Amino acid sequence: MSLTLVKAWGQAKARLQAAGLNGPVIDARLLVEAAADATRVDIVTDPHRLLTAEQEATLDSYLSRREHREPASHILGRKGFWKIMLNVTSDVLTPRPDTETVVEFSLREFPEHAAWSILDLGIGSGAILLALLAERPAARGLGIDISEDALAVARDNAAALGLASRIALLRSDWTAGLGENLFDLVVSNPPYIANHVIDTLEPEVRDHEPRIALEGGPDGLDHYRVLAPEILRVLKPGGRFAVEIGYDQKAEVEALFRAAGAEGVQTIRDLADRDRVVAGMKKALETAV
């Protein structure tokens, strides 16, 4: 007898739970929805709908991949972030709720109809910049990444969200080749994990995320040492910045930005109440009285 939606969900939860995975309820539902071409509403309103044999086989394949610690976002090829849905591949970091702290802070800093110019350093899937552009219709952005494959993912996401006309993408090593005083806002989620720590991470990260997006050097701070002065260089006077950090890097990253001349340096905590974003501004031009 074929599986119903509700029974498929229950069995999927049990399989993922038995495999010792975190978040089995949500992952199971997402995988059932994708395999059965169903929505969350379908599971509630039509729980006894039968899966076809092909859908059952697809679900079994998805669950097997998840049991082997492949991230659900890679199996599904997509991940929700802020208020947008993004295509995700193994060439980019899977967007995480922690990173929404960058978006939340940045949106507080400039009005809805301000025509701000935004730079996203290490754009990856496009999560931060595209979330900001979706909320601020007059803003425009430049996304930079060293990976051509990551830029391709960001390009696809921009097109899918109808934002391609307001974003430019550039393959570069951080700010190399950019002039000075160009942007009102600079955002970044740079690699910040100490190299020796990566092999101790969960298999979903260690084995499936791009190493180039994780490795922050011996102490995890290599990229901030480069970025702090460079971000200040490309910001307009009075411009803002917001960069994601590891939960234990507040003091070091704040010090790097203060040494580079940043003002109003502060650290914002994420929803789990951990230090997550260092933010500040470039000194505004002096005005004659």
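Here, every reference points to the structure presented above.
Here goes a summary of the coordinates provided. Since the model is a prediction, treat every value here as computed from it, not as a measurement. (Residues numbered from 1 in each chain as written. Predicted model: local features only at pLDDT ≥ 70, side-chain atom pairs only at ≥ 80, totals over all residues. Heavy atoms only, no water.)

Let's talk about the sheet that holds strand β9 (residues 275–281)
Point 1. Overall, mixed pairing links the seven strands, which are arranged β5-β4-β3-β6-β7-β9-β8 in an open sheet. Looking at strand neighbours, the two that pair on one side only are β5 (167–171) and β8 (263–269), the edges of this open sheet. The sheet shows a mean angle of 15 degrees between the axes of neighbouring strands, direction not considered.
Point 2. The pairing of β8 with β9 spans five bridges and is antiparallel. When the sheet's bridge partners are listed, Thr267 is paired in β9 with Val278.
Point 3. Along the sheet face, helix α6 (residues 100–109) touches β6 (183–188), β7 (235–244), β8 and β9 and points at about 155 degrees away from the line of β7. (Pairing = 2+ DSSP bridges. Helix = DSSP H or I, 4+ residues; strand = E, 2+ residues; numbered from the N terminus. Axes fitted to C-alpha atoms, helices over the stretch in contact; angles between N-to-C directions. Contact = heavy atoms within 4.5 Å.)

So, the packing of aromatic side chains
Point 1. Throughout the structure, instances matching the rule amount to two aromatic pairs.
Point 2. Ring geometry for Phe110 and Trp116: centres 4.3 Å apart, planes at 15 degrees, overall stacked. With respect to burial, Phe110 and Trp116 carry one shared label: buried.
Point 3. With 4.4 Å between their ring centres and 15 degrees between their planes, Phe241 and Phe257 make a pair best called stacked. Separated by 16 residues along the polypeptide, Phe241 in strand β7 and Phe257 in helix α11 (residues 250–259) bring together distant segments of the chain. Take Phe241 and Phe257: they sit in the same class, and that class is buried.
Point 4. It is Lys13 that lies over the ring of Trp9; its NZ or CZ is 4.5 Å from the centre. (Phe/Tyr/Trp six-rings, centres within 6.5 Å; stacked < 30°, edge-to-face > 60°. Buried < 20%, exposed > 50% of the residue type's maximum accessible area, 1.4 Å probe, protein only. Lys NZ or Arg CZ within 6 Å of the ring centre and 35° of its normal.)

Description of the pattern of salt bridges
Point 1. Applying the stated rule across the entire model yields 27 salt bridges.
Point 2. With its nearest N and O atoms 2.8 Å apart, the salt bridge here joins Arg29 to Glu33. Taken as a pair, Arg29 and Glu33 lie in helix α2 (residues 24–36) at a separation of four residues, close to a single helical turn.
Point 3. Judged by its relative accessible area of 12%, Arg29 is buried.
Point 4. Where Glu230 meets Arg233, a salt bridge forms, and the shortest distance between an N and an O atom there is 2.9 Å. A residue pair is termed a helical-turn pair when its members lie 3 or 4 positions apart in one helix, as Glu230 and Arg233 do in helix α10 (residues 222–234) at three residues.
Point 5. Under the relative-accessibility criterion, Glu230 is labelled partly exposed at 22%. (Salt bridge = Lys/Arg side-chain N within 4 Å of Asp/Glu carboxyl O.)

Points about the pairing of β9
Point 1. Among the seven residues in β9, six count as buried, and that is most of the element.
Point 2. Across five bridges, the pairing between β7 and β9 is antiparallel. Residue Ala242 lies in a different strand from β9, and its bridge partner there is Ala279.
Point 3. What sits between the antiparallel neighbours β8 and β9 is a turn of five residues, in which Asp273 has the positive phi angle 65 degrees.

Some remarks on the side chain of Asp184
Point 1. Along the chain, Asp184 falls in strand β6.
Point 2. Classification of Asp184 by relative accessible area gives buried; the value is 16%.
Point 3. A polar contact of 2.9 Å, which involves the side chain of Asp184, links it to the backbone nitrogen of Ser117. (Polar contact = N/O pair within 3.5 Å; in protein donor to acceptor, adjacent residues only side chain to side chain.)

Section: the environment of Leu5
Point 1. Along the chain, the position of Leu5 falls in helix α1 (residues 5–18).
Point 2. Leu5 sits 220 residues away from Arg225 along the chain, and the two C-alpha atoms are 51 Å apart.
Point 3. Residues contacting Leu5, with those up to four places away along its chain left out, are Val32, Ala36, Ala38, Asp42, Ile43, Asp46, Pro47, Arg49 and Leu51.

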